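Observations on chain architecture
The lines below spell out each chain.
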Protein chains: 2
Amino acid sequence: MGGRDLSRINIGLMGLGVVGSGVARILTEKADWYATQVGRPLVLRRALVRDLNKPRQVELPRELLTTDPREILDDDEVHLVIEVMGGEHPAYEYVREALLRGKYVVTANKEVMAKHGPELLDAAREAHVDVLYEASVGGGIPLIAPLKRDLLANAMTSVRAIINGTTNYILTQMSREGWDFDRALQQAQALGYAEPDPTNDVEGLDAAYKIALLASLAFHTHVHPDDVYHEGITRLAARDFRYARELGYAIKLLAMAERSNHGVQVRVHPALIPEDQPLAKVEGVYNAVELTGDLLDRVLFQGPGAGSLPTTSAVVADVIDVALSIIRGVSDRLTWRGDLMLPVRPIADLTTRYYLRLVVPDRAGVLAQIAGCFGRNEISIASVIQKETHEEDQTAELVIMTHRSLEANMQRALRQLAELPVVREVGTFLRVEG
Amino acid sequence: MGGRDLSRINIGLMGLGVVGSGVARILTEKADWYATQVGRPLVLRRALVRDLNKPRQVELPRELLTTDPREILDDDEVHLVIEVMGGEHPAYEYVREALLRGKYVVTANKEVMAKHGPELLDAAREAHVDVLYEASVGGGIPLIAPLKRDLLANAMTSVRAIINGTTNYILTQMSREGWDFDRALQQAQALGYAEPDPTNDVEGLDAAYKIALLASLAFHTHVHPDDVYHEGITRLAARDFRYARELGYAIKLLAMAERSNHGVQVRVHPALIPEDQPLAKVEGVYNAVELTGDLLDRVLFQGPGAGSLPTTSAVVADVIDVALSIIRGVSDRLTWRGDLMLPVRPIADLTTRYYLRLVVPDRAGVLAQIAGCFGRNEISIASVIQKETHEEDQTAELVIMTHRSLEANMQRALRQLAELPVVREVGTFLRVEG
């Protein structure tokens, strides 16, 4: 960066959607304040868009807009690239090239950082710049900087998080209103909380990217999102929430990472949580992350996990930090290293408690056969409750809670239960956490 | 610092009590890991104690111990001083001298930083070093670094916190067990959660230091602890918790700071909070801080607010950060500035809702006189509930909730009520927040 004019920090903004418009607007509206904080003006020099004529939530001078990424990447006067396009391609290629050309990068892109983080962090280090990505997880909630700095004295042992606002909103409505999944999803879509194609959210992929990032930071390793076990929320029934509540639990889509002697276990799935735990009380589109370390016990961070302005809050904090690094000619400020190569354990190795809902004939001897199946698979039943009986087809619904058991055994038992003539339907199967 | 040997970072530790012992033990036990993170070993070179022969929770080689502060302050090989002595004097003088002599400082001292922060931050800047103090508020919960960095894009509007574990434990027990203050205090003392002289905690002084620090950071100003209005919890009665619960509230010792156009309002007092708010659910010795900004809405940080290891977590995070600054020859890394000179508004300017418990004769006409007093002072009553009647002395207890009113008016009304012949006793008076 030597020799360049640093009397102002020139920014190339890539993407002018919901987040990009917020960033552009706030950088403009608060320009004086940020200049005071940094000591130099932060100047928006160019904004990359797909369509020059599309109406936007922010008014920018026409000459700032471009459809050509080269006008940012080839411009030596651009010190800093903000990437808020989303999606893997071409965002990954742009971020990579920006770093290789000695530009600092601030990105909100969870997919790019989860899949390509190690390569991009290495590229930044070699080019003596930085890539910061606070906005990629948890919107406005500080999570990445705390893991990289404030909690660094700890050996972290677990991360448990509600980090997808769309699914938490849907689950909150299913629980509160007694709605089924489809109705709750439709409402979430009508309110703009869910995409027209909600797959990434409801199948747990979005949460898998985010927990891969948090687990990598917490455990100083690299967890690739492909190694994150994930299950979505589409198969939950309204009555599961009722049964869970009767047992003293809430149902949440949890993203979890645990450190053990043998590696890390990283997973996303709906789970029962005791209703007196803080995570059970996180409602609507809010996010919360609970971090456990050897020194500090548990800390909980909670706040708005998405939205234009909360995400802008995180992006601009990174921008101010980077601007300071540019001015002082430093990089790779944070000491965090991700060089422990910890294996990611398969879900079959998990040991936890389980909730299982089964539909069976309402007659004697049925429970003995089911209990026998559990017993043969070394699973100890903690309680069985007969919930509802349907007189017309003479069936009953059983809710079974197990003691701590091995997932591999539980999966084998589920397959065997499905084959038992007395099991009409294997309903919802959920892990119990905490 | 130029010319000095930086192949290792030499630390002078001042104070070897509960926190100091934790810091010394963890720096020793995790020396290899921290050396990997920093790139150089962190070496404990000297520890200042009052009594060389006192038994301690940590085993240190005898030659490391000294009773002479000069052996740390005069030692040019000490790069970094950790001050965990507590109390204003002589900690303030030691921190000041260390900075003036070009040593970086990490301190856990809320009193010193609340009273002398601006002078010490200036001294650090002039000497091209830093003074970090994450451990001074909220134990292991990251609060100061997030305010200095992660939330910097926001104009913060409020801080609401439970930041004194002793009083939160006492209030939790009073609420859960129906105990009076004295009994709950005795139990807290027996468990080591309260000091033999609990004044600083139960009168709200400790919380006043901490909210002064948080308010200064959030609003880029300096709030002196003398300007923080504070009320303690000693006058609360067990039945206030019962009445509050019936009305849907919890009672907590809240530390609050709010930004208005005219300045800041900073205060510590017990308050009613709606029981569905996150702060109402923070129990026992836990701390929680809720920050509101213009971009990110609300974020909540929750965790262990005290204790040897959580505090060590914060101290060592600062130490690692400072070690990196020393190695790279940088200082004053964080862009945060406290140069807005905002006036602190008197409590008389506050507008909020109020809870008041009165003992009155159980007869007709009483309420009219009380309501008249409120009316003359421009206070609108929201509800009056007659709680208990005592047949023997023919008195009744009234719980009055007001609409939003000016504190000055409320205080005048309280003085006038105390003079009314029909008021036997002005019981608990509490502000209602949220």
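Scroll up for the structure.
As a starting point, this report considers the structure included with it. Keep in mind it's a predicted model, so treat the numbers as computed, not measured.

**Some remarks on the interface of chain A and chain B**
- Between chain A and chain B, the residue contacts involve 55 residues of the former and 56 residues of the latter.
- Taken together, both faces of the contact between chain A and chain B bury some 4500 Å²; the carbon and sulfur share is 51%.
- Viewed at the interface, chain B and chain A are joined by 6 salt bridges.
- Within the residue set of the side of chain A that touches chain B, elements represented by two or more residues are helix 2 (31–38), helix 6 (144–150), strand 12 (297–304) and helix 12 (308–328) of chain A.
- Classifying every residue of the side of chain A that touches chain B by side-chain character gives 30 nonpolar, 11 polar and 14 charged.
- Where strand 12 of chain A meets strand 12 (residues 297–304) of chain B, 3 bridges bridge the pair, whose relative direction is antiparallel. Opposite L300 of chain A, over in strand 12 of chain B, you have Q302 of chain B as the bridge partner.

**A word on unusual backbone geometry**
Residues and elements named next belong to chain A.
- Put simply, H89 and P90 share a cis peptide bond, and its omega is 0°.
- Along the chain, P90 falls in the loop between strand 4 (80–83) and helix 4 (91–100).
- A positive phi is found at E378, a non-glycine position, where the angle reads about 60°.
- Counting through the fold element by element, E378 comes out in the loop between helix 13 (366–376) and strand 14 (381–390).
- The class of E378 is exposed, set by a relative accessible area of 66%.

**Re the relation of the copies chain A and chain B**
- Of the transformation superimposing chain A on chain B, the axial component is 0.0 Å and the angular component is 180°, with the fit at an RMSD of 0.1 Å. The transformation relating the two chain copies, once decomposed into turn and shift, fits a two-fold axis. The C-alpha atom lying nearest the rotation axis in chain A is that of F301 of chain A; the distance is 2.4 Å.
- Taken together, the interface assignments show that 100% of the residues at the interface of chain A recur at the interface of chain B, consistent with an identical surface on both copies.

**Observations regarding the environment of V112 of chain B**
Residues and elements named next belong to chain B.
- Mapped onto the fold, V112 is located in helix 5 (residues 110–126).
- Along the primary structure V112 and Y34 are separated by 78 residues, whereas in three dimensions their C-alpha atoms are 28 Å apart.
- Apart from the residues within four sequence positions on either side, V112 is in contact with G87, E88, A91, Y92, G117 and L120.

**Observations regarding the side chain of Q173 of chain B**
Residues and elements named next belong to chain B.
- Take Q173: it is sitting in helix 7 (residues 165–177).
- Using a relative accessible area of 8% as the deciding quantity, one classes Q173 as buried.
- Once residues lying within four places of it in the same chain are set aside, the contact partners of Q173 are G178, W179, A184 and Q187.

**Some remarks on a negative patch on the surface**
All names here are of chain A.
- Together, D362, E391, E392 and D393 make up a region of like negative charge exposed at the surface.
- Its place among the elements puts D393 in the loop between strand 14 and strand 15 (395–402).
- Since its relative accessible area comes to 39%, D393 is described here as partly exposed.

**A short note on the environment of V49 of chain A**
Residues and elements named next belong to chain A.
- On the secondary structure map, V49 appears in the loop between strand 2 (42–48) and strand 3 (65–66).
- Its relative accessible area of 7% is what places V49 among the buried residues.
- Distance from V49 to G17, taken between C-alpha atoms, is 8.5 Å for residues 32 residues apart in sequence.
- Those residues in contact with V49 that lie beyond four places of it in its chain are L16, R56, L65, T66 and T67.

Calculation criteria
Residues numbered from 1 in each chain as written. Chains lettered and ligands numbered in written order. Predicted model: local features only at pLDDT ≥ 70, side-chain atom pairs only at ≥ 80, totals over all residues. Heavy atoms only, no water. Contact = heavy atoms within 4.5 Å. Buried area = accessible area lost by both parts, 1.4 Å probe. Salt bridge = Lys/Arg side-chain N within 4 Å of Asp/Glu carboxyl O. Helix = DSSP H or I, 4+ residues; strand = E, 2+ residues; numbered from the N terminus. Nonpolar A, V, L, I, M, F, W, Y, C, P; charged D, E, K, R; others polar. Pairing = 2+ DSSP bridges. Buried < 20%, exposed > 50% of the residue type's maximum accessible area, 1.4 Å probe, protein only. Least-squares fit on C-alpha atoms with pLDDT ≥ 70 in both. Patch = residues over 30% accessible without salt bridge, like charges linked within 9 Å, V, L, I, M, F, W, Y side chains within 5 Å. Areas by Shrake-Rupley, 256 points an atom, 1.4 Å probe, with all protein chains shown as cover. Lys, Arg positive; Asp, Glu negative; His and termini not counted. Charge placed at Lys NZ, Arg CZ, Asp CG, Glu CD.

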